[in-house]
Amino acid sequence: MSKYEPVLLARVNKPDSHRLEGYRADGGYAAFQRALKEMKPEEVTAKVKDSGLRGRGGAGFPTGLKWAFLPKGHPAPVYLCVNADESEPCTFNNRILMEKDPHQVLEGILLSCYAIKSPTAYFYIRYEYGAAYRTLQSAIDELYAAGFLGKNILGNGFNCDVFLHRGAGAYICGEETGLIESLEGKRAWPRIKPPFPAIEGAFRKPTIVNNVETLACVTHILRRGIDWFKSIGVPPDPKNPRDAGSYGPKLYTIAGHVNEPKCVELPLGVPLREVVEQHGGGVWKGRKAKAINPGGLSMGFVDVNAKLKNSDRTEYDIPLDFNGPGTVGCLGLGTAAVTVIDDQTSMVDVLHNTCQFFAHESCGQCTPCREGTAWMLKITDRMRRGQGRREDLDILVEVADRIGIMPGTTICGLADGAGWPVKTAIRKFRSEFEEAIKSGWRSVVKALPMAAAH
Amino acid sequence: MAVLSDHLKDRIRAYLPRYPNKQAVTLPALHLVQDELRCVPSVAIREIAELLDLAPAEVHDAMSFYGFFRDEEHKLGQSRLWVCRSLACMLRGADELLGHFCERLQVPVGGTTTDGKITLEFAECIGACDGAPAVLVNDEHEMDVTAEKADRLIEELRSGT
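Model, not experiment: these values are computed from the prediction. (Residues numbered from 1 in each chain as written. Chains lettered and ligands numbered in written order. Predicted model: local features only at pLDDT ≥ 70, side-chain atom pairs only at ≥ 80, totals over all residues.)

(A) Examining the overall build of chain A more closely. In terms of helices and strands, chain A carries 16 helices and 12 strands. On C-alpha atoms alone, chain A measures out to a radius of gyration of 22 Å, which is about the 22 Å that the 2.2 N^0.38 rule sets for 454 residues. Dimensions along the principal axes, computed over C-alpha positions, put chain A at roughly 75 × 50 × 45 Å. Every one of the 454 residues in chain A was classed for burial, and the buried ones make up 56%. In chain A, the proportion of contacts linking residues at least 24 apart, taken out of those at least 6 apart, comes to 70%. (Helix = DSSP H or I, 4+ residues; strand = E, 2+ residues; numbered from the N terminus. Rg over C-alpha atoms; globule rule 2.2 N^0.38 Å. Buried ≥ 20, exposed ≤ 12 C-beta atoms within 10 Å, placed from the backbone. Contact = placed C-beta atoms within 7 Å.)

Structure below.
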């Protein structure tokens, strides 16, 4: 494969890559100016739809289709919410974009607001990204000063404001209706859908919620065209009429037990093995990988050594497109955050850490999720203290199977994401868990006294 | 007795034009108050409610959802130090690092040092996995935190004003 030339990350190593001046010198905002002058909003939407762009935040929903759900001829306002709550464990691609090249994201926001006829974008950014917040605020200030934001932009009659809105350390705010509730000043309890936000969203008005990387892709689709976008990635599977394809570039983050944790941009569909071995510098300390989380914790685990059916390849060889992880029992591509776990690490510790996260971040609204995640943590906690019981593995799988949107017991997908790593870990590494229980294995990691859990 | 200064109230009011209703200013207001007072006392909840035409219970309802905000009995120290404990950091020594901070600062997780300088917290994934184990100093990332780097960081925060 020839070397891929990054687009989304093309400018990140330039000096002052976050400044308007440099961004414009590199051709920035020309696509927006052209769209404003020569295209109708519907044409921008059509272009995004025809590009096949799918949301980069985790669910992979086609972006143009989402936009098309907005009611036609609505008396307004319509809102855009930018989802920069990026909290999925091991994911940091949006942070890099916002810190290093905020203007390509802001151009995508302007283009999107123009397309969906929204006068206001609420940019919901997690509190933990203080540097990104300040970088974005100065980028936004630059845009107001240059006449690219505010009233009657570039004399065209188009009005647009972008407001940053800081979160307060809650994972659930990344769920689009949780984000909206939080924006409105309430607890971030996800809403029952339908109605979807496109019909009734922020402040009860039609609203589009898009991820930061998705919006950066919008910029490049309008700048370089549909053919360029579709020349990258993987076309739809002809045997699957529901597959929308996996087109375009994608930011993959590589973390955990690798030599070089980093964020890289590659075409969708790159094999997992290549991401780890070539781009992540391989597994650290000369060890071998045992398990990999291929797309953020919610997606579950890949067993690196498990042979694929009728093939001498293993789960390590799956392609990282929207379909690949699903073929080996993972929930999906998720955020494309790749986390490597080496062969010296206990899966009991890994699973305990996973359960700890979801028990902490369950918003508490739906009983099956609130109680289920807490029970899964209790069980994995006793397992790592050497007090696991024979029946524990079946209980864990049973709980994991029953919480979530798929079994129909919760309002949002957090619980599906909490159950998936449990199910996949136990299914794929069952003998390791059984052995740990039988031998009374204890984790070497000491548990600390915690202040009040929240 | 009121605890919000006129200046602070003005800064809260400055957010009102951004949103179609006043309730949306709840989170910005809570942030502004906690940044200044190091907690959100119950008097401040009532004052925020008054500014935003809400019942104090509505402000408290939102505030208590986010474990982020503290009441007057759990006031924050001058700096807030969050140690990430999620998977990417855990795999590279986060649990040991958190233990190290507890020991050096002589506080349990959630506690504040006796000199009032540092509040130690754990955090779920702070999105700094390329620098694991990582910590957050207030809202800025500190990457690749070794025990030595941790000690230097403590020194800096202790000597800061």
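(B) Structural context of the overall build of chain B. When its secondary structure is counted, chain B shows 7 helices and 4 strands. When the helices and strands of chain B are listed from N to C terminus, the series reads α-α-α-α-β-α-α-β-β-β-α. By principal-axis analysis of the C-alpha atoms, chain B measures approximately 50 × 30 × 25 Å. Of the contacts formed within chain B by residues at least 6 apart in sequence, a portion of 60% connects residues at least 24 apart.

(C) Representation of helix H13 (residues 367-384) of chain A. Residue and element names in this part refer to chain A. With 18 residues, H13 extends 26 Å between its outermost C-alpha atoms, agreeing within 8% with the 26 Å of an ideal straight helix rising 1.5 Å per residue. For H13, every residue scored as buried is listed here: Cys369, Gly372, Thr373, Met376, Leu377, Ile379, Thr380, Met383 and Arg384. Summarising the axial view, the buried residues of H13 lie within an arc of 165°, below the 170-degree limit, and thus occupy one face. Close packing links the buried residues of H13 with helix H12 (347-361), helix H14 (392-402), helix H15 (414-428) and helix H16 (430-439). (Expected span 1.5 Å × (residues − 1). Arc of directions from axis to C-beta.)

(D) Spatial organisation of the sheet that holds strand S2 (residues 120-125) of chain A. Residue and element names in this part refer to chain A. Taken in spatial order, the 5 strands make up an open sheet running S3-S4-S2-S1-S5, and their pairing is mixed. Either end of the sheet is taken by a strand with one partner, and the two such strands are strand S3 (150-153) and strand S5 (207-211). Adjacent strand axes in the sheet meet at a mean angle of 25°, parallel and antiparallel pairs treated alike. As defined by bridge partners, S2 adjoins strand S4 (residues 158-166) across 6 bridges and the pair is classed as parallel. (Pairing = 2+ DSSP bridges. Axes fitted to C-alpha atoms, helices over the stretch in contact; angles between N-to-C directions.)

(E) Representation of the nonpolar core in the model. By size, the foremost hydrophobic cluster in this structure holds 193 residues, and its most contacted members are Cys81 of chain A together with Val83 and Cys84 of chain B. Per-element accounting of this core gives the leading share, 9 residues, to helix H6 (residues 102-116) of chain A. (Core = buried A, V, L, I, M, F, W, Y, C linked by C-beta atoms within 7 Å.)

(F) Expanded view of the interface of chain A and chain B. Contact with chain A, which involves 50 residues of that partner, is made by 42 residues of chain B. Looking at the side of chain A that touches chain B, the elements with two or more residues in it are helix H7 (130-145), S4, helix H8 (176-183), strand S8 (249-256), strand S9 (262-267), strand S12 (337-342) and H12 of chain A. The residue inventory of the side of chain A that touches chain B, partitioned by class, reads 25 nonpolar, 15 polar and 10 charged. (Nonpolar A, V, L, I, M, F, W, Y, C, P; charged D, E, K, R; others polar.)

(G) The arrangement of the domain arrangement of chain A in detail. Residues and elements named next belong to chain A. Along its sequence, chain A is organised into domain 1 (20-231), domain 2 (246-342) and domain 3 (347-439). Centre-to-centre separation of domain 1 and domain 3, based on C-alpha positions: 35 Å. Across the contact, 9 residues belong to domain 1 and 7 residues belong to domain 3. For the side of domain 1 that touches domain 3, a count of residues per class yields 7 nonpolar, 1 polar and 1 charged. (Domains from an automatic or database assignment.)

(H) Here's a closer look at the environment of Pro28 of chain B. All names here are of chain B. For Pro28, the location among the structural elements is in helix H2 (residues 26-37). Among the residues examined, Pro28 registers 21 C-beta atoms within 10 Å and is labelled buried. Distance from Pro28 to Gly67, taken between C-alpha atoms, is 15 Å for residues 39 residues apart in sequence.

(I) Spotlight on the pairing of strand S2 (residues 118-123) of chain B. For S2 of chain B, the buried fraction is high: 6 of the 6 residues fall into the buried class. Across the two faces of S2 of chain B the burial is the same, with Ile118, Leu120 and Phe122 of chain B and Thr119, Glu121 and Ala123 of chain B all buried.

(J) Here's a closer look at the pairing of S12 of chain A. Residues and elements named next belong to chain A. With 5 of 6 residues buried, S12 is to be regarded as a mostly interior element. As defined by bridge partners, S8 adjoins S12 across 4 bridges and the pair is classed as parallel. Along S12, the bridge assignment pairs Gly256 with Val340.

(K) The arrangement of the sheet that holds S8 of chain A in detail. Read across the sheet, 5 strands follow the order S9-S8-S12-S10-S11 (chain A) without closing on themselves; strand pairing throughout is mixed. The open sheet has two edge strands with one neighbour each: S9 and strand S11 (302-303) of chain A.

(L) Here's a closer look at unusual backbone geometry. In this model, Lys193 of chain A is joined to Pro194 of chain A through a cis peptide bond whose omega is -5°. Turning to its location among the elements, Pro194 of chain A is positioned in the loop between H8 and S5. For the bond running from Ala132 of chain B to Pro133 of chain B, omega is -5°, close enough to zero to count as cis. Within the fold, Pro133 of chain B resides in the loop between S2 and strand S3 (135-137). In this structure, Lys117 of chain A takes a positive phi of about 60° despite not being glycine.

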